[in-house]
Structures are given as C-alpha cells and as structure tokens.
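So you can see what is in the structure, the chains are spelled out below.
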Amino acid sequence: MPELPYSFEPVPGYNAYKVTTMLRDYLELLMENPENRSTIDQILKLINDYIVQLKNLRAQNRKETILQIDQAIDHFWLRAPEENKKDIQCKSGCTACCFIDVEISRDEAKLIVDYCQENEIEIDKSYLVEQAKAGRKTFSSLSRCVFLKNNMCSIYPVRPIACRKHWVKTDPALCDFSNNVINQIGGYFDVNTEILASALLNVDETGSFEKILLSEL
Ligand code: SF4
C-alpha cells in the first residue's frame, strides 16, 4: 500500500522566518519528501543562529555587519565546487541583470551611500525619484540601475547582496528584460548564501533599491 502523504501543512517553523525566494523554492522542494525533514530543520536552525549573530553584530556596527556578510557570500562562492559553477554564463560587460528589480536592506543602502561619498560617485537623485515612482517590474527607460555607468557597476565592491549572489546558467539572451519574462532565467543556487541572505531579511528593513536608497540620501 502506498504511504500516505507526509503532510499537507508546512513543517513547524517553516513560516517563522522571512526567506529569499530561492530558499523558499528549495524548502518547498525538500518538503515533498519526509526524509528531508532533518535538512529542513538544519536550515531553519541556521537561519535562527545567523539572526542571533547578526543582531549582536549590528548592535556594534551595522556597516561592518554588511561587509562581513558580503565577505561570507564571496567566500561561499569561492569554495563552491567547480562542478556547480561550470555552466555560469555571467561575464564582465554583460549588464542585462542591472535592469531588473533589486531589493536591498537599509544597512546595505547606508554602506553604498557612504562608499559613494568616499569615492566621489555621484548618485542621480532625480533619476531615482522618477524610478521609484515608475517601479521596475515592467521594463522601461527607467529600468537601468542608477549605478550602471559605462557598462560597469560603479559600486562593485559594495554592490547589494541581490547582485552579489546573482549568477545565471541559462542563455544570456534570456536576461534581456526588455524582451523576455524575468522568471525564464535559471540561476546558480548556493544554500549557504541563501540562508545568510534570509537571516538578514529578518533583522533589517528591506525594500526596492531605489526607495531604500532615497531614504538614506
Ligand atoms: S548595483 Fe551594480 S551590479 Fe547591482 S544592478 Fe546596479 S549596476 Fe548592476
């Protein structure tokens, strides 16, 4: 006789935390098999542990906390098996992903604003105001990221986590938001990165890049 379904309800704790879209999709996949229960519990515990750690770090220095998260995500990337990275299509000069909606936290915005001041990078506030009004869910002349200059990210060392963890494995032509639907893109997934990025969602206010940035200017 076939086994009854494990559960139609989310596992306990599943809804306790905000998580990134990629991690939510992964958890949903794991929940299809009861044998994955301990993995799900481990992920939820890690999110909780990171939340505690990030709260402590933020109480001391909010900017430094983001820098440490950025470093950790770069480290996760470096130590990921080559096998996982082999189909990645992203390369310098390809900027299609700089026209899509990006979410950031308030502390990330503060880090970026300070970086711009220190490096005399001008932020076009009037463009940002128009962009915030129009939104970026639909492609328009206001979809370009304010920091994309001469086909390069002008704030690369402090780019948001959303940009830092965005690696595409599908045909780069699909990244052209002016012609395609954004959810056609298949990306690289690193569970450690998504867990850490999810923890940040639970300790800091997040929102659209342009709106959060404007509130810091
Ligand atoms: S911050 Fe940099 S990487 Fe991110 S969308 Fe803007 S230009 Fe692109």
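Quick note: structure is the one above.
Residues numbered from 1 in each chain as written. Predicted model: local features only at pLDDT ≥ 70, side-chain atom pairs only at ≥ 80, totals over all residues. Heavy atoms only, no water.

Student: Any details on the overall build of the protein? Residues and values, ideally.
Tutor: If you tally the helices and strands in the protein, you get nine helices and four strands. Ordered by position from N to C terminus, the α and β elements of the protein give α-α-α-α-β-α-α-β-β-α-α-β-α. Scaling as 2.2 N^0.38, a compact globule of 217 residues should have a C-alpha radius of gyration of about 17 Å, and the protein matches this with 19 Å. Burial analysis of the protein (217 residues in total) assigns 39% to the buried set. Approximately 12500 Å² of the protein is accessible, and the part contributed by carbon and sulfur atoms is 52%. Each charge class in the protein can be summarised by its mean position, and for the 25 positive and 32 negative side chains these summaries are 4 Å apart. (Helix = DSSP H or I, 4+ residues; strand = E, 2+ residues; numbered from the N terminus. Rg over C-alpha atoms; globule rule 2.2 N^0.38 Å. Buried < 20%, exposed > 50% of the residue type's maximum accessible area, 1.4 Å probe, protein only. Areas by Shrake-Rupley, 256 points an atom, 1.4 Å probe, with all protein chains shown as cover. Lys, Arg positive; Asp, Glu negative; His and termini not counted. Charge placed at Lys NZ, Arg CZ, Asp CG, Glu CD.)

Student: Can you explain the site of the ligand? Please cite residues and give values.
Tutor: Looking at the ligand, the residues that line it are Cys98, Cys145, Phe147, Leu148, Cys153, Ile155, Pro160, Cys163 and Phe209. In terms of residue class, the shell around the ligand is made up of nine nonpolar, no polar and no charged. (Near = heavy atom within 4 Å. Nonpolar A, V, L, I, M, F, W, Y, C, P; charged D, E, K, R; others polar.)

Student: I'd love a proper account of the packing of helix H2 (residues 37–60) against helix H8 (residues 191–201), names of residues and values included.
Tutor: Where H2 meets H8, the axes come as close as 8 Å, and the angle between the chain directions of the two elements is 50°. With respect to their mutual orientation, H2 and H8 come out oblique. When the axes of H2 and H8 are compared, the crossing they make is right-handed. Residues Ile43, Leu46, Ile47, Tyr50, Ile51 and Leu54 of H2 touch H8, and the partners they reach there are Val191, Ile195, Leu196, Ser198, Ala199 and Leu200. Its residues assigned to classes, the contact of H2 with H8 comprises 11 nonpolar, one polar and no charged. (Axes fitted to C-alpha atoms, helices over the stretch in contact; angles between N-to-C directions. Parallel < 35°, antiparallel > 145°, perpendicular 65-115°, else oblique. Left-handed = near helix turned anticlockwise from the far one by under 90°. Contact = heavy atoms within 4.5 Å.)

Student: So, the state of the cysteines: which residues are in play, and what are the values?
Tutor: Taken as a whole, this structure holds zero disulfides when the rule is applied. You can see cysteine 97 has no disulfide; the closest cysteine sulfur is in cysteine 98, sitting 4.4 Å from it. (Disulfide = S-S within 2.5 Å.)

Student: Lay out the pattern of salt bridges with the relevant residues and their values.
Tutor: Opposite charge on two side chains permits them to pair, given that their charged atoms come into close proximity. Applying the stated criterion to the full structure yields 18 salt bridges. A salt bridge links aspartate 74 to arginine 164, with the nearest nitrogen and oxygen atoms 2.9 Å apart. Taken together, the positions of aspartate 74 in helix H3 (residues 62–79) and arginine 164 in helix H7 (residues 161–164) put the pair 90 residues apart, joining distant regions of the chain. A relative accessible area of 30% means that aspartate 74 is categorised as partly exposed. Between glutamate 83 and lysine 86 there is a salt bridge, and its shortest N-O distance comes to 3.8 Å. For glutamate 83, a relative accessible area of 55% translates into the label exposed. (Salt bridge = Lys/Arg side-chain N within 4 Å of Asp/Glu carboxyl O.)

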